[in-house]
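Structural features, examined
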Amino acid sequence: MKQYSISPDGEKFQLPEPNDYAREFERLKNIVHDQRDKGREIVVVMGVGFVGAVMAAVVADTEDENGNPLKFVIGMQRPSTRSYWKIPLLNRGLPPVQAEDPEVLPMIRRCVNEKQTLTATFTYDALKLADVVVVDVQCDYLKESLGDVKNGQADMAALEISLEIIAEHITPDALVLIETTVAPGTTEQVAYPIMRKVFRKRGIESDPLLAHSFERVMPGKHYVASIRDFWRVCSGTNEEATSRVVKFLEEVINTDDYPLTVLNRPIESETAKIVENSYRATILAFLDEWSLFAERNGVDLIKVLEAIRVRPTHSNIIFPGPGIGGYCLPKDGGLGMWAYRHIHGFEDDIFKITPLAININDTRALHVAQLTRDALRNMSRPLAAAEILLLGASYREDVGDTRYSGSELIVRRLTEMGAELRVHDPYVQHWWEFEKQDEYPSPTHSLKRFFRSQGKLTDLHVEQDLSQALCGSDAVIFAVRHKHYLDLDPDKVVETAGSPLAVIDCFGILDDTQIKRYFELGCEVKGLGRGHVKRIKDQVRAEREEMLLALSAGRQADST
Ligand SMILES: NC(=O)c1ccc[n+]([C@@H]2O[C@H](COP(=O)([O-])OP(=O)(O)OC[C@H]3O[C@@H](n4cnc5c(N)ncnc54)[C@H](O)[C@@H]3O)[C@@H](O)[C@H]2O)c1
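Because the structure is a prediction, the values reported are computed rather than measured.

Before going further, it helps to spend a moment on the overall build of the protein chain. If you tally the helices and strands in the protein chain, you get 20 helices and 18 strands. Compactness check: the protein chain gives a C-alpha radius of gyration of 27 Å against a globular reference of 24 Å for 560 residues, within 12% of the reference. On the principal axes, the C-alpha backbone points of the protein chain span a range of 110 × 50 × 50 Å. Each of the 560 residues in the protein chain was classed as buried or not, and the buried ones make up 54%. Contacts spanning at least 24 positions in sequence make up 75% of the contacts within the protein chain whose residues lie at least 6 apart. If you sum the accessible surface of the protein chain, you get close to 24,700 Å²; carbon and sulfur atoms cover 52% of it. Seen as two clouds, the 67 positive and the 84 negative side-chain charges of the protein chain have centres 3 Å apart.

Spelled out as structure tokens, the structure:
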């Protein structure tokens with residue numbers, strides 16, 4: 001039976017059939033033959049997802065000082081029903097990922113169509129042609145409970161299978177560069193033994209040339225620059241692997257302006273990635289308690305952080321918003337803790353801060369539901385059956401990436417409490433976490449399972465028209481700092497909603513003038529870490545009373 005893979009735009013692509021493989025390999029061999037004649041190194045990027053697709057283009061765009069391409073890149077993607085569509089899309093010169101960076105589309109188009117230094121394929125035989133293999137497949141950490149990261153495990157299956165396949169196909173002197181964020185110890189204690197065993201089976205006596213260099217890619221406007229023009233850390237399993245990875249990265253990354261850090265062992269490079277993300281997760285999590293402190297004691301945490309940030313030593317203190325999403329921060333500490341026990345064999349529990357930080361971040365969004373409930377209650381409107389509009393589905397401002405966004409939890413908890421949810425996000429057309437909640441991010445690991453009454457959320461569609469979304473809303477939750485939401489005029493919002501509504505600010509989006517105006521218009525305002533709203537409310541009330549007094553005094557004067 002024919003199988004199909006459907007792209008996010010709904011285009012249907014038939015999966016390759018057994019006899020397509022030989023033809024595809026012939027196509028690649030012919031291209032590679034020509035490319036070698038031109039003196040180009042052949043690079044296979046395995047996994048053309050968020051990271052691999054753009055990394056493949058960055059490598060394919062590499063030129064020598066005379067402007068001649070240095071590399072030919074084959075983006076390799078397994079032909080699953082879920083992912084195969086990425087291959088035909090790439091081969092048309094289109095990015096298989098949603099990218100807000102204006103550099104992504106022209107770069108991929110240029111490399112595929114003009115320079116012809118990039119192609120995509122489904123056949124693992126491509127690996128036979130590689131001088132360098134860059135591994136960008138996922139390595140997940142699967143949590144079994146909400147708010148308890150220790151109850152979970154690394155899911156290395158895709159990575160382990162990929163490494164075995166690579167070892168089965170590559171030539172012995174191909175460099176394998178793992179960019180995937182992995183449990184520290186993976187390159188030497190998981191990848192190396194897997195590959196060595198396969199090499200021995202193939203009668204190859206030499207050791208695999210393995211290296212690790214993690215990605216620091218940031219989705220958003222500077223997607224490409226965050227790969228090409230950014231500092232890298234790397235390390236190889238032996239001297240040859242180290243010098244090969246240094247040479248490769250010096251050719252493809254702007255190491256003149258962003259020098260490489262070469263560490264002694266891959267476990268150090270792997271640990272660097274986990275520590276830098278755990279550090280970030282921790283400094284965000286620790287502000288959660290100060291956020292509550294602020295709410296309960298009339299403090300505006302936003303202004304407090306601005307005041308602190310002027311100290312150069314504290315310039316990177318940032319407000320945590322409604323949860324810490326993205327693919328990396330929620331999982332990376334888990335990979336580190338898991339490695340300590342399951343790769344390195346320690347029994348004791350040395351990790352206190354890293355899991356606590358992730359647990360706090362993973363549940364911070366639930367408090368938004370409480371603020372919404374309280375704001376509606378103050379307006380004498382029950383939350384159950386209230387129409388609530390959430391502004392922003394993604395995990396950070398001005399990107400369309402919804403992975404592990406705090407907004408998902410807000411929707412789930414409010415739905416469980418009986419509210420009707422609407423969502424607006426100018427960067428997100430499909431919120432797969434809901435539309436495909438029975439299979440995304442995997443059939444058993446939707447956050448759906450931690451909440452009741454989630455069935456109807458498969459019908460949640462992301463509204464693109466803000467006015468339409470606002471019309472008739474009882475509450476509006478400002479969840480993400482998208483530029484579209486920063487200057488919304490309160491008068492317009494209330495007018496479009498049709499009546500005063502509850503306004504919840506999760507990310508320091510409203511300034512004091514806007515907050516005051518919402519109160520003047522009869523709205524109720526609450527916000528994460530924004531305890532000073534009560535002061536503004538009292539001020540508006542006092543001004544109103546003064547005005548009423550003045551009015552009634554005026555009326556009395558008129559009548560005498
Ligand atoms: N997305 C980010 O913002 C980001 C930032 C820094 C680091 N990272 C790290 O980069 C790595 C990749 O992340 P991503 O966001 O690109 O993941 P992703 O899920 O978007 O991409 C992984 C791709 O690998 C493919 N794949 C899996 N097994 C394969 C196989 N056997 N052969 C060929 N292809 C295979 C998948 O189909 C998918 O397309 C992860 O370790 C992640 O932690 C991601």
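From this point, the discussion proceeds with the structure in view.
All right, on to the pattern of salt bridges then. All chains considered together, the criterion is met by 44 salt bridges. R413 serves as the salt-bridge partner of E416, at 2.9 Å between the closest nitrogen and oxygen. Taken together, the residues span about one helical turn, with E416 and R413 both in helix α14 (residues 406-416) at a distance of 3 residues. Among the salt bridges present, the one from R517 reaches D491, with a minimum N-O distance of 2.8 Å. A residue pair is termed long-range when its members are at least 10 positions apart, and R517 in helix α19 (residues 512-520) and D491 in helix α18 (residues 490-497) qualify at 26 residues. Counted as one network, the salt bridges with shared partners bring together D300, K303, D505, D512 and R530.

Before going further, it helps to examine the sheet that holds strand β3 (residues 41-46). Strands sit in the order β5-β4-β3-β6-β9-β10-β11-β12 across an open sheet of 8 strands; the sheet is mixed. Each having just a single partner strand, β5 (118-121) and β12 (261-262) make up the two edges of the open sheet. Relative to strand β9 (residues 175-178), strand β6 (residues 132-135) is paired through 4 bridges, and the arrangement is parallel. Of the residues in β9, the one forming a bridge with V132 is L175. In this fold helix α2 (residues 50-60) packs onto β3, β4 (71-76), β5 and β6, with an angle of close to 165 degrees to the strand it touches most, β4.

Further remarks concern the environment of L15. Secondary-structure assignment places L15 in the loop between β2 (12-14) and α1 (20-37). You can call L15 buried: its relative accessible area is 9%. Residues L15 and Y4, 11 residues apart in the sequence, show an inter-C-alpha distance of 5.3 Å. Setting aside chain neighbours within four positions, we find L15 in contact with Q3, Y4, S5, P79, S80, T81 and Y84.

Around the ligand sit 26 residues in total, of which V51, Q77, K86, T181 and K331 are the nearest. In the environment of the ligand, an oxygen atom lies 3.4 Å from a nitrogen or oxygen atom belonging to the side chain of Q138. The side chain of S162 places a nitrogen or oxygen atom 3.1 Å from a nitrogen atom of the ligand. Across the complex, the protein chains shield 94% of the 840 Å² of accessible surface that the ligand would expose by itself. When residues of the shell around the ligand are traced back to their parent elements, those giving at least two are α2 and α5 (157-169).

Let us look at the pairing of strand β10 (residues 209-212). Of the two faces of β10, the one lined by L209 and A211 and the one lined by L210 and H212 are each fully buried. Both β9 and β10 contribute to a ladder of 4 bridges, which runs parallel. From the neighbouring strand, L177 faces β10, where its bridge partner is A211. Following the backbone out of β9, through helix α6 (residues 186-201) and into the adjacent parallel β10, one traces a crossover that is right-handed. Here 2 bridges tie β10 to strand β11 (residues 233-236), and the two strands are oriented antiparallel to one another. Bridging from a neighbouring strand, A211 pairs with G236 of β11.

Right, let's talk about the packing of helix α13 (residues 366-378) against α14 for a bit. α14 packs onto α13 with a crossing angle of 50 degrees between their chain directions and a minimal axis gap of 8 Å. When the axes of α13 and α14 are compared, the pair comes out oblique. Like other packed secondary-structure pairs, α13 and α14 cross with a definite hand, here right-handed. Across the interface between the two elements, L366, V368, A369 and T372 of α13 pack against L409, I410, R413 and L414 of α14. Of the residues that constitute the contact of α13 with α14, the class distribution is 6 nonpolar, 1 polar and 1 charged.

Moving on: the sheet that holds strand β16 (residues 475-478). Pairing is parallel in the open sheet, where 6 strands are placed in the order β15-β14-β13-β16-β17-β18. Of all the strands in the sheet, just β15 (462-463) and β18 (524-527) have a single pairing partner and so form its edges. The pairing of strand β17 (residues 502-505) with β18 spans 4 bridges and is classified as parallel. Residue pairing for β18: A502 is matched across the bridge by E524. In this fold α13 packs onto β13 (387-391), β16, β17 and β18, with an angle of close to 160 degrees to the strand it touches most, β18.

Time to look at unusual backbone geometry. Omega for the peptide link from Y440 to P441 comes to 0 degrees, which places this bond in the cis form. Mapped onto the elements of the fold, P441 is located in the loop between α15 (432-435) and β15. The phi dihedral of Q116 falls on the positive side, at around 50 degrees, and the residue is not glycine. Here Q116 lies in the loop between α4 (104-114) and β5. The backbone phi angle of Y404 is positive, close to 55 degrees, even though this residue is not glycine.

With that settled, consider α1. Along its 18 residues, α1 runs 26 Å from first to last C-alpha, staying within 8% of the 26 Å computed at 1.5 Å per residue. Within α1, the full set of buried residues consists of E24, F25, L28, V32 and Q35. The arc that holds the buried residues of α1, viewed along the axis, is 95 degrees, so those residues lie on one side. For α1, the exposed residues set more than 90 degrees away from the buried face come down to A22, R23, N30, H33 and D37.

Here is what the cut-offs are and how they apply
Residues numbered from 1 in each chain as written. Predicted model: local features only at pLDDT ≥ 70, side-chain atom pairs only at ≥ 80, totals over all residues. Heavy atoms only, no water. Helix = DSSP H or I, 4+ residues; strand = E, 2+ residues; numbered from the N terminus. Rg over C-alpha atoms; globule rule 2.2 N^0.38 Å. Buried < 20%, exposed > 50% of the residue type's maximum accessible area, 1.4 Å probe, protein only. Contact = heavy atoms within 4.5 Å. Areas by Shrake-Rupley, 256 points an atom, 1.4 Å probe, with all protein chains shown as cover. Lys, Arg positive; Asp, Glu negative; His and termini not counted. Charge placed at Lys NZ, Arg CZ, Asp CG, Glu CD. Salt bridge = Lys/Arg side-chain N within 4 Å of Asp/Glu carboxyl O. Pairing = 2+ DSSP bridges. Axes fitted to C-alpha atoms, helices over the stretch in contact; angles between N-to-C directions. Near = heavy atom within 4 Å. Polar contact = N/O pair within 3.5 Å; in protein donor to acceptor, adjacent residues only side chain to side chain. Right-handed = clockwise from strand over helix to strand, strands pointing away. Parallel < 35°, antiparallel > 145°, perpendicular 65-115°, else oblique. Left-handed = near helix turned anticlockwise from the far one by under 90°. Nonpolar A, V, L, I, M, F, W, Y, C, P; charged D, E, K, R; others polar. Expected span 1.5 Å × (residues − 1). Arc of directions from axis to C-beta.

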